[in-house]
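Chains, contacts and geometry: an overview
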Amino acid sequence: MAHIGRYLVTAEDCKARSLVVRHYDAVVIGSGIAGLWTTLKLLSLGDLRIAIVSKLSAHECNTYYAQGGIATVVSPEDSFELHFRDTVEAGAGLCNEEAVWVLVTETPKRIEELCSLGVRFESDDEGFKLAREGAHGIRRIIYARGDRTGCEVEQVLLSRVRGAKVDLIEWAFAIDLLTSDDECFGVLVWSEHDGKYMALLSSVTFICTGGIGQLYDSTTNAKVATGDGLAMAYRAGARLADIEFVQFHPTALVERRSQRLLLSETVRGEGGILLNTDGERFMLRYHPMAELAPRDIVSRAIFYEMRRLGKDHVLLDMRSLNAEFIKRRFPFIYEQCLERGYDLTKQPLPVAPAAHYIMGGIEVDLFGRTSIRRLFAVGEASCTGLHGANRLASNSLNEALVFGHRAVGAASEFIADGHPDFDPLALLPSRMVVGKDVDFVHMRSGLQKLMWESVGIVRERQGLDATRSQLEHWLSAIGHVPIDVRAWEVMNMLLVGRLIVESALMRTESRGAHYREDYPIRDDANWAARLVHRRCLSGFGIKVPGEVITVNVIKVRERRLAASD
Ligand code: SIN
């Protein structure tokens, strides 16, 4: 019996807790911008029964913490072609150019809709105010409440959803998708409120669960970002793509906790500079765009400066900016730093990179369709190939808006034809092998440290091999998975970590956010391709000892190279 088998729980567990079965037209898992926007779009289709499943309180998600803004073409000096070019260049030759074009051309319309719902971006007589971030050739980032764009968006969308006819199920952990023959019929959920399992049966299911930042010791991500969507999709047999590409944000405040305060790239866009601990402005040694180089380059430069000088941080210096301007433009960052004892108008801040975003995810087409019928994915959990090997700053909230809209259009055909009734318990294994109890808390922190050290900004074979062995060891040691959200999260984190390591080992080149010190050169001849994982139960695959996971990595040459190649 595989410990990471198809499902994390058994029919026996569910029966013992009297499984509640509910029927919906659509179930949305996740309550960040992707989940809420998708829900609002579904509501526009008519009188549907819709549920949103949220792991904690609905607002506790990465969207809420997003600072920078949304990249969109509004300035007369800008054009779709320029936004396209910057996105593709940042993506290091691996962007799906069709997806990029869809994003840049459809974002303005979705922004109009967002504004009509009540989201207020900062503007003046000339229209939206525009910020600049790394790798953008021009100012094109619209923003709200200074540095609280995500909070503004989340609050407006959430209030719309709360006012609508939607079952918003908070404090509910989505455990596994209910599938049969590569078709999805809903999701199995654990309600923390009443300690019960729920089978939410649905014509269509949307995974909008965001990213995986919590796999790393240091992250800007909310505590919900444990890769649950990727893990459950993989267990169900969906394809995952590009997951070796994990973006590290260059500037998170160095503090003694794993969820670190993000210091937006717009700070550098307004003139903030980076100094090493010797007081030298080092970025010009690494890239002509200096502090506004693509994110992967800035993060790596910081990593090397810290390593060279034996320090755990560099400095972000904003002292050349007017103090009143700083307080008005970055009120949240200013207040948060002050609470932690730093006055950023007077002193430079200790910063270091932190895990921020995964470019890969559940493989989808340009309409959010996964490889499983009736299953869609939107936002960070999904992978259209839009971001290639490195996401351009502020191209994520718009991704959820554009592809959420498209996914709902595609899902409507399934909603119209309904779905067969079936017994969810018949899908689940009858019981699991009861084995050794393990310390999931210990495993979680061990995994975060290993991922940070060996599968982080800079990677090489030895560290990746050692991490793979340790993850396999942990996975094979797990016998009994208790009914506990924290244990299920760790199962998901180990699985996704294991898959990321596999891809990182396979990709013997450096590109975008994936940097191998033992293969430092980009190798287009061999690696202008994507790596796809699909769980397979037989045939070719890499078998983990004890058959804990069966991994099947496929190299797919389906990218169109950037124009320059
Ligand atoms: C930031 O404000 O620096 C983050 C923006 C992003 O990740 O796109």
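Residues numbered from 1 in each chain as written. Predicted model: local features only at pLDDT ≥ 70, side-chain atom pairs only at ≥ 80, totals over all residues. Heavy atoms only, no water.

Some details on the overall build of the protein chain
Along the protein chain, the regular secondary structure elements total 16 helices and 22 strands. Computed over C-alpha atoms, the radius of gyration of the protein chain comes to 22 Å, within 12% of the 24 Å expected from 2.2 N^0.38 for 565 residues, which places it in the range of a compact globule. Taken along the three principal axes of its C-alpha coordinates, the protein chain extends 65 × 55 × 50 Å. Relative to its full complement of 565 residues, the protein chain shows a buried share of 64%. (Helix = DSSP H or I, 4+ residues; strand = E, 2+ residues; numbered from the N terminus. Rg over C-alpha atoms; globule rule 2.2 N^0.38 Å. Buried < 20%, exposed > 50% of the residue type's maximum accessible area, 1.4 Å probe, protein only.)

Details of the sheet that holds strand S13 (residues 273–275)
The four strands are arranged S12-S15-S14-S13 in an open sheet whose pairing can be described as antiparallel. Strand pairing shows two members of the sheet lacking a second neighbour, strand S12 (246–253) and S13, which therefore form its edges. Taken over all neighbouring pairs, the strand axes of this sheet differ in orientation by 45° on average, direction set aside. Summarising the sheet, strand S14 (residues 314–317) and strand S15 (residues 349–358) pair through three bridges and their orientation is antiparallel. Looking at S15, one finds that Leu 316 is bridged to Leu 349. (Pairing = 2+ DSSP bridges. Axes fitted to C-alpha atoms, helices over the stretch in contact; angles between N-to-C directions.)

Digging into helix H7 (residues 228–235)
Burial within H7 is extensive, with eight of its eight residues counted as buried. Backbone geometry just downstream of H7 places Gly 237 in the positive-phi region, at approximately 100°.

Re the packing of aromatic side chains
Remark: the centre distance and the inter-plane angle together describe each pair of aromatic rings, the angle taken between the planes. Tallied over the full model, the rule gives 14 aromatic pairs. Measuring from ring centre to ring centre gives 5.9 Å for Trp 190 and Trp 488, while their planes differ by 75°; the resulting arrangement is edge-to-face. Residue Trp 190 is located in strand S9 (residues 183–191), and its partner Trp 488 is located in helix H15 (residues 485–506); the two are separated by 298 residues in the primary sequence. Summarising the burial analysis for this pair, Trp 190 and Trp 488 share the class buried. Residue placement shows Arg 6 over the ring face of Tyr 7; its charged tip is 3.9 Å from the ring centre. In this structure, Arg 391 packs its charged tip against the face of Tyr 357, placed 4.1 Å from the ring centre. (Phe/Tyr/Trp six-rings, centres within 6.5 Å; stacked < 30°, edge-to-face > 60°. Lys NZ or Arg CZ within 6 Å of the ring centre and 35° of its normal.)

Overview of helix H14 (residues 461–477)
Between the first and last C-alpha of H14 there are 24 Å, a value that for 17 residues agrees with the 24 Å anticipated at 1.5 Å per step. Within the span of H14, buried status applies to Gly 463, Leu 464, Thr 467, Leu 471, Glu 472, Trp 474, Leu 475 and Ala 477. The opening residue of H14 is Glu 460, an N-cap whose side-chain oxygen sits 3.0 Å from the backbone nitrogen of Gln 462. (Expected span 1.5 Å × (residues − 1). Polar contact = N/O pair within 3.5 Å; in protein donor to acceptor, adjacent residues only side chain to side chain.)

Looking at the site of the ligand
Residues in contact with the ligand, as listed here, are Gln 67, Gly 68, Glu 133, His 249, Ser 264, Glu 265, Arg 295, His 356, Arg 391, Ala 393 and Ser 394. Glu 265 places a polar main-chain atom, nitrogen or oxygen, 2.6 Å from an oxygen atom of the ligand. His 356 places a side-chain nitrogen or oxygen 2.7 Å from an oxygen atom of the ligand. Relative to its free-state accessible area of 260 Å², the ligand is covered by the protein chains to the extent of 94%. Class assignment for the residues of the shell around the ligand results in one nonpolar, six polar and four charged. (Near = heavy atom within 4 Å. Areas by Shrake-Rupley, 256 points an atom, 1.4 Å probe, with all protein chains shown as cover. Nonpolar A, V, L, I, M, F, W, Y, C, P; charged D, E, K, R; others polar.)

As for the environment of Glu 106
In this structure, Glu 106 sits in helix H5 (residues 97–117). Taking the C-alpha atoms as reference points, Glu 106 and Leu 292, 186 residues apart in sequence, are found 26 Å from one another. Sequence-distant contacts of Glu 106, defined by excluding residues within four places in its chain, comprise Val 402 and Arg 406. Among the polar contacts listed, one links the side chain of Glu 106 to the side chain of Arg 406, at a separation of 2.8 Å. (Contact = heavy atoms within 4.5 Å.)

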